[in-house]
Protein chains: 2
Amino acid sequence: MNTVKYIMESTETEAEGLIHRMGKTVRLHGAIYKIRRMSGFAFVLLRMRDAVVQCVYSEEYASFPLDLLTEEACVRLTAEVIAEERSKSGYELRLKEAQLLSTPCEVLPVVINQKRVNTSLENLLDYRPITLRNEKERAIFKIQAAICTAFREFLNAEHFTEIHSPKIAAIGAEGGANIFKLPYFGKEAYLAQSPQFYKQMMVGVFERVFEIAPVFRAEKHDTSRHLNEYTSVDFEMGYIESFEEIMAMESRMLYHCISYLNQYCNTELTLLGCTLPQIKEIPQIPFASAKKWIASAYHREITDMLDFEPEEERLLCELVKRENGSEFVFVTHYPSAKRPFYAMDNPSNTEETLSFDLLFRGLEITTGGQRIHSYNEQLEKLDKRGMHKELFESYLMLHKYGVPPHGGLGLGLERFTAQLLGFENVRSATLFPRDIHRLIP
Amino acid sequence: MNTVKYIMESTETEAEGLIHRMGKTVRLHGAIYKIRRMSGFAFVLLRMRDAVVQCVYSEEYASFPLDLLTEEACVRLTAEVIAEERSKSGYELRLKEAQLLSTPCEVLPVVINQKRVNTSLENLLDYRPITLRNEKERAIFKIQAAICTAFREFLNAEHFTEIHSPKIAAIGAEGGANIFKLPYFGKEAYLAQSPQFYKQMMVGVFERVFEIAPVFRAEKHDTSRHLNEYTSVDFEMGYIESFEEIMAMESRMLYHCISYLNQYCNTELTLLGCTLPQIKEIPQIPFASAKKWIASAYHREITDMLDFEPEEERLLCELVKRENGSEFVFVTHYPSAKRPFYAMDNPSNTEETLSFDLLFRGLEITTGGQRIHSYNEQLEKLDKRGMHKELFESYLMLHKYGVPPHGGLGLGLERFTAQLLGFENVRSATLFPRDIHRLIP
């Protein structure tokens, strides 16, 4: 019987290794990003896995006609690495041979090889499979991947165990009307709005758990900050003494993430002109105080004492930045009326919960808090809300059979990425967004 | 304004650190797993995050009555670490103080603190929030988490970029009737059967991508190896010269995973009595030859030349193990008729595809292969199958505007875990399984 040989990495060079190959002949592969015809020669930009590199084509050195190459053709190239002071990279690649692997059948409907894709967001998203090939567009998702890696690295080091909870469920965790329904073998099922119930169950098992996975919200909002499907970074931790421990854990997770991006995503951050925020100690302010502060600082009337208007979140961040220098702020003790049935009320004021949101550059990116762990307390709260405990039987096992004091949070990956990179619309940081109008691609 | 202090790790000890604290007084937390009353003293087993440890209660040392503790109560304890030769760990924990954090309201409906949970699979799954607290049950999912970490570690090192593709889609990638439908703002949408289209699109962007995420199959099969929702480990890689490179990549990924588990999951593997497979070079055999081999070796009639019966997969693994010693086998060149429309046919025999399955201990755990990258070739195949290209417009952008030769695979995380641990039913390695009967918990 034949066996599968462990074919090793090819002999082809990565862009970042080229500077060390001066004077050598190298093999490369990638897509032709752009061809700039000059008099007597041409610049050929090759989009490689890790960067776009500049090659020089001249009939003098090349064994193939320039016409072989077209934009978005995939090729293997042989080139000589020549020192060149005028080039930003310090070298240029003199093309010698080319092997064509595939060619596009049509000219691209959107120009993708300029500094940025100069089109509407609508177009950018409609043509995602090709607009993502733009250097800046793909840098966004390289950073997003790094954010996930950094979060997982941190959480693993903090003894959180990764879980995979089901997305098809018999009941929604977050309540409300924003839930997708689907027929499931003769029953009615729902798409998970969050892994809430499952991560709480798992606190009784592993003490600390996390999950990075899709969640689904059937919101009819058509705004720049809502998606109907997004990636939620969730963690839940047991044996806490105060809900502030959850905020402390998130602060350190974000601190680790920013350090990680500084270390590993310099190219992408530079390309996107992004300045990472400084995270020191993140300020915290109770919801009620924040409401009053905003009202007095901006001479606004408070119309809703139970929630923020989006404008108020923006103004609060402005105030905090001015006073404290921080681009993040924890708002704590949200009104019980606006928090889900599993949120723990503040024992000294049951109108509010031991909960928080994290605002970053004007937008909420995290919701978290301590959960009820006492069975009777949870039954009472369900009852007070007119909810039927029978519906939550398997969830309530965790309270009935003992669970430590615990809490956790959910962070929207796309929102966080968008705020980090200074985008106005969360869709810009979403690979293939789903909204009330968009189901394709 | 107050700021969130970076509260550091508590002063409480992890189980694995206890051996180094001999003679010291330590603080611990966890759930009371079991109380064994002896004459004049009691053994109290504490289920900590990383292990179950044995404490000794005696009125002589303890400042609290034993009755304070009940099984599944969550506690903080103070104890002295005393050398004890008769204990497997080399020490015992002499209890001094206890603080009760929560107590269960009822006696558990299933006994979870024996070596294994002695009940039906049905019960085990119905009471998941508590049966997972059993030491062996939770070890399964500790190993599953480690498998994911190992896969990601490998794929990141191999320059794969992690992506998050949408699970709500306008069209199914794998065809067939096994697809969940849901109403989506007046349109009909589907739950993704795989991230196939999206990972192929992203090959044009990042060259190599991966995703570990839920997929949904509305299969009506009620078997020990099918789930209606499972976690799929998907990768896709561009610039391949042969589909064997994909198998080579998977071989190395599995090799890395097994090494990782050997290094980090010893406790859990021992607890489960699991012997990890050796991975050297994995044998490969064409589908047609495998069919004939099984038929001749076991004197079976071949009834279906297009697919394996489950029994044949089992027998093939038996044969391979006997002949080659390998518990894995790649079966290659599956009939085109049984592979999806995006599979690349073998140029030298278009009845078969450049594809493979990986069988492990009698069961298919991976399906993969090379994909069509030529636009015209893809249009032809769609046409031949009577499929309408209009439905696949955004997917076909990738072929139309150029994509390198590429391929990839999907591995079922729960199936792989189940086979690794020697389970008969994939549900045993699924945290909260979804099947035709099961939607709760």
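Whatever comes next refers back to the structure up there.
A.B. asks: What should I look at first to understand the overall build of chain A in this one?
C.D. replies: On a plain count of helices and strands, chain A comes out with 11 helices and 19 strands. Projected onto its principal axes, the C-alpha positions of chain A cover 85 × 65 × 40 Å. Per-residue burial over chain A gives 61% buried out of 441 residues. Counted over contacts in chain A with a minimum sequence separation of 6, partners at least 24 positions apart contribute 64%. For chain A, the separation between the mean place of its 51 positive charges and that of its 61 negative charges on side chains is 4 Å.

A.B. asks: Is there a simple way to think about the relation of the copies chain B and chain A in this case?
C.D. replies: The second copy of the chain is related to the first by a rotation about an axis and a shift along the axis. Of the transformation placing chain B onto chain A, the axial shift is 0.0 Å and the rotation is 180 degrees, giving an RMSD of 0.0 Å. One copy is carried onto the other by what is essentially a two-fold rotation axis. The C-alpha atom lying nearest the rotation axis in chain B is that of Leu182 of chain B; the distance is 2.4 Å. A symmetric contact is evident, with 100% of the interface residues of chain B recurring at the interface of chain A.

A.B. asks: Any chance you could explain the interface of chain B and chain A here in plain terms?
C.D. replies: When the parts of a complex come together, some accessible area is lost, and that lost area is often used as the size of the interface. On the side of chain A, 124 residues touch chain B, which itself brings 124 residues to the contact. Carbon and sulfur atoms supply 63% of the area that chain B and chain A bury against each other, a total of about 10700 Å² over both sides. We note a salt bridge from Glu106 of chain B to Lys400 of chain A, for which the minimum N-O separation is 4.0 Å. Between the two partners, chain B and chain A, sit 46 residue pairs in polar contact (both at pLDDT 80 or more). Broken down by element, the side of chain B that touches chain A gets its largest block of residues, 9 residues, from helix H3 (residues 135–157) of chain B.

A.B. asks: When you look at unusual backbone geometry in this model, what are you seeing that I'm missing?
C.D. replies: Most peptide bonds are trans, and most residues other than glycine sit at a negative phi. Residue and element names in this part refer to chain A. Between Ile440 and the following residue, Pro441, the backbone shows a cis peptide bond with an omega angle of -5 degrees. One non-glycine residue, Phe185, lies in the positive phi region at around 45 degrees. Mapped onto the fold, Phe185 is located in the loop between strand E9 (181–184) and strand E10 (187–191). Exposure remark for Phe185: the relative accessible area of 24% places this residue in the partly exposed category. You will see that Glu207, though not glycine, has its phi angle at about 75 degrees, which is positive.

A.B. asks: Mind showing me how you'd approach the sheet that holds strand E18 (residues 363–371) of chain A here?
C.D. replies: What the 9 strands build is an open sheet, ordered E7(A)-E11(A)-E12(A)-E19(A)-E18(A)-E17(A)-E14(A)-E13(A)-E1(B); its pairing is mixed. The sheet terminates laterally at strand E7 (161–162) of chain A together with strand E1 (2–3) of chain B, the two strands that pair on one side only. In this structure, E18 of chain A lies alongside strand E19 (residues 406–412) of chain A, joined through 6 bridges in antiparallel fashion. Each residue of the ladder has a partner; that of Thr367 of chain A, found in E19 of chain A, is Gly410 of chain A. Lying on the sheet, helix H7 (residues 287–298) of chain A is in contact with strand E13 (283–286) and strand E14 (328–332) of chain A; it crosses E13 of chain A at an angle near 90 degrees. Against the sheet, helix H8 (residues 310–324) of chain A makes contact with E13, E14, strand E17 (355–360) and E18 of chain A together with E1 of chain B, and its axis sits at roughly 120 degrees relative to E14 of chain A, the strand it touches most.

A.B. asks: Would you explain helix H10 (residues 393–400) of chain B in this entry?
C.D. replies: It helps to recall that an α-helix has 3.6 residues per turn; residues three or four apart then point in one direction. Within H10 of chain B, 7 of the 8 residues are buried, which leaves it mostly tucked inside the rest of the structure. Among the structural elements, helix H1 (121–126) and helix H2 (128–131) of chain A together with helix H4 (196–206), helix H9 (375–384) and strand E19 (406–412) of chain B are those in contact with the buried residues of H10 of chain B. Directly after H10 of chain B, the chain includes Gly402 of chain B, whose backbone phi takes a positive value near 95 degrees.

A.B. asks: It is not clear to me how the pattern of salt bridges should be interpreted in this structure. Could you clarify?
C.D. replies: Pairing is possible between side chains that carry opposite charge, provided their charged atoms lie close to one another. Scanning the entire structure with this criterion turns up 63 salt bridges over all chains. Across the pair Arg27 of chain A and Glu12 of chain A runs a salt bridge, and its minimum N-O distance is 3.5 Å. Here Arg27 of chain A is found in strand E2 (residues 25–37), whereas its partner Glu12 of chain A is found in the loop between strand E1 (2–3) and E2, with 15 residues between them in sequence. Residue Glu12 of chain A is classed as buried on the basis of its relative accessible area, which comes to 11%. Between Arg314 of chain A and Glu311 of chain A there is a salt bridge, with the nearest N and O atoms lying 3.0 Å from each other. With Arg314 of chain A and Glu311 of chain A both in helix H8 and 3 residues apart, the pair spans about one turn of that helix. When salt bridges with common partners are traced through the structure, they connect Glu12, Arg27 and Arg76 of chain A together with Glu241 of chain B into a single cluster.

A.B. asks: Is there a simple way to explain the environment of Thr161 of chain A in this structure?
C.D. replies: Looking at the secondary structure, you find Thr161 of chain A in strand E7. Between the C-alpha atoms of Thr161 of chain A and Glu236 of chain A, which are 75 residues apart in sequence, the distance is 10.0 Å.

A.B. asks: Help me understand the state of the cysteines, please; the structure alone is not making it clear to me.
C.D. replies: Note on terminology: a disulfide is the covalent bond linking the sulfur atoms of two cysteines. Residues and elements named next belong to chain A. For the structure shown, the criterion picks out 0 disulfides over all chains. Cys74 takes part in no disulfide bond, and the closest cysteine sulfur, belonging to Cys105, lies 12 Å away. Judged by relative accessible area, which is 2%, Cys74 ranks as buried. The thiol of Cys265 is unpaired, and the distance to the nearest cysteine sulfur, on Cys257, comes to 8.8 Å. The class of Cys265 is buried, set by a relative accessible area of 3%.

A.B. asks: Even after reading the chapter, I still don't get empty space enclosed by the protein, so can you show me in this structure?
C.D. replies: Left-over empty space is what a probe sized like a water molecule reveals as it rolls over the atoms. Under the definition given, this model contains 8 cavities of 30 Å³ or more. Quantified by volume, the largest cavity comes out at close to 390 Å³. As for the largest cavity, its lining consists of 38 residues, of which Lys167, Ala213 and Pro214 of chain A together with Ala213 and Pro214 of chain B are closest to the centre. Only strand E11 (208–216) and strand E12 (229–238) of chain A together with H3, strand E11 (208–216) and strand E12 (229–238) of chain B provide two or more residues apiece to the lining of the largest cavity. The class makeup of the residues in the lining of the largest cavity is 16 nonpolar, 9 polar and 13 charged.

A.B. asks: Is there a simple way to explain the sheet that holds strand E6 (residues 91–102) of chain A in this structure?
C.D. replies: Residues and elements named next belong to chain A. In space, the 5 strands of this closed barrel follow the order E2-E3-E4-E6-E5, with mixed pairing throughout. Shown here is a sheet whose adjacent strand axes are inclined to one another by a mean of 55 degrees, direction ignored. As paired strands, strand E5 (residues 74–83) and E6 are joined by 10 bridges and run antiparallel to one another. Counterpart to Leu77 in the pairing with E6 is Ala98.

A.B. asks: What is the right way to look at H4 of chain B in this model?
C.D. replies: All names here are of chain B. In terms of burial, H4 is a largely internal element, 11 of the 11 residues being buried. Among the residues of H4, Gln196, Phe197, Tyr198, Lys199, Gln200, Met201, Met202, Val203, Gly204, Val205 and Phe206 are the ones counted as buried. Remark: Glu207 follows H4 within two positions and exhibits a positive phi of approximately 75 degrees.

Rules used in this analysis
- Residues numbered from 1 in each chain as written.
- Chains lettered and ligands numbered in written order.
- Predicted model: local features only at pLDDT ≥ 70, side-chain atom pairs only at ≥ 80, totals over all residues.
- Heavy atoms only, no water.
- Helix = DSSP H or I, 4+ residues; strand = E, 2+ residues; numbered from the N terminus.
- Buried < 20%, exposed > 50% of the residue type's maximum accessible area, 1.4 Å probe, protein only.
- Contact = heavy atoms within 4.5 Å.
- Lys, Arg positive; Asp, Glu negative; His and termini not counted.
- Charge placed at Lys NZ, Arg CZ, Asp CG, Glu CD.
- Least-squares fit on C-alpha atoms with pLDDT ≥ 70 in both.
- Buried area = accessible area lost by both parts, 1.4 Å probe.
- Salt bridge = Lys/Arg side-chain N within 4 Å of Asp/Glu carboxyl O.
- Polar contact = N/O pair within 3.5 Å; in protein donor to acceptor, adjacent residues only side chain to side chain.
- Pairing = 2+ DSSP bridges.
- Axes fitted to C-alpha atoms, helices over the stretch in contact; angles between N-to-C directions.
- Disulfide = S-S within 2.5 Å.
- 1 Å grid on protein atoms, 1.4 Å probe; cavity = no way out; pocket = protein on both sides within 12 Å on 5 of 7 lines; lining within 4 Å.
- Points joined across faces, edges and corners; volume = space filled by probe spheres on them.
- Nonpolar A, V, L, I, M, F, W, Y, C, P; charged D, E, K, R; others polar.

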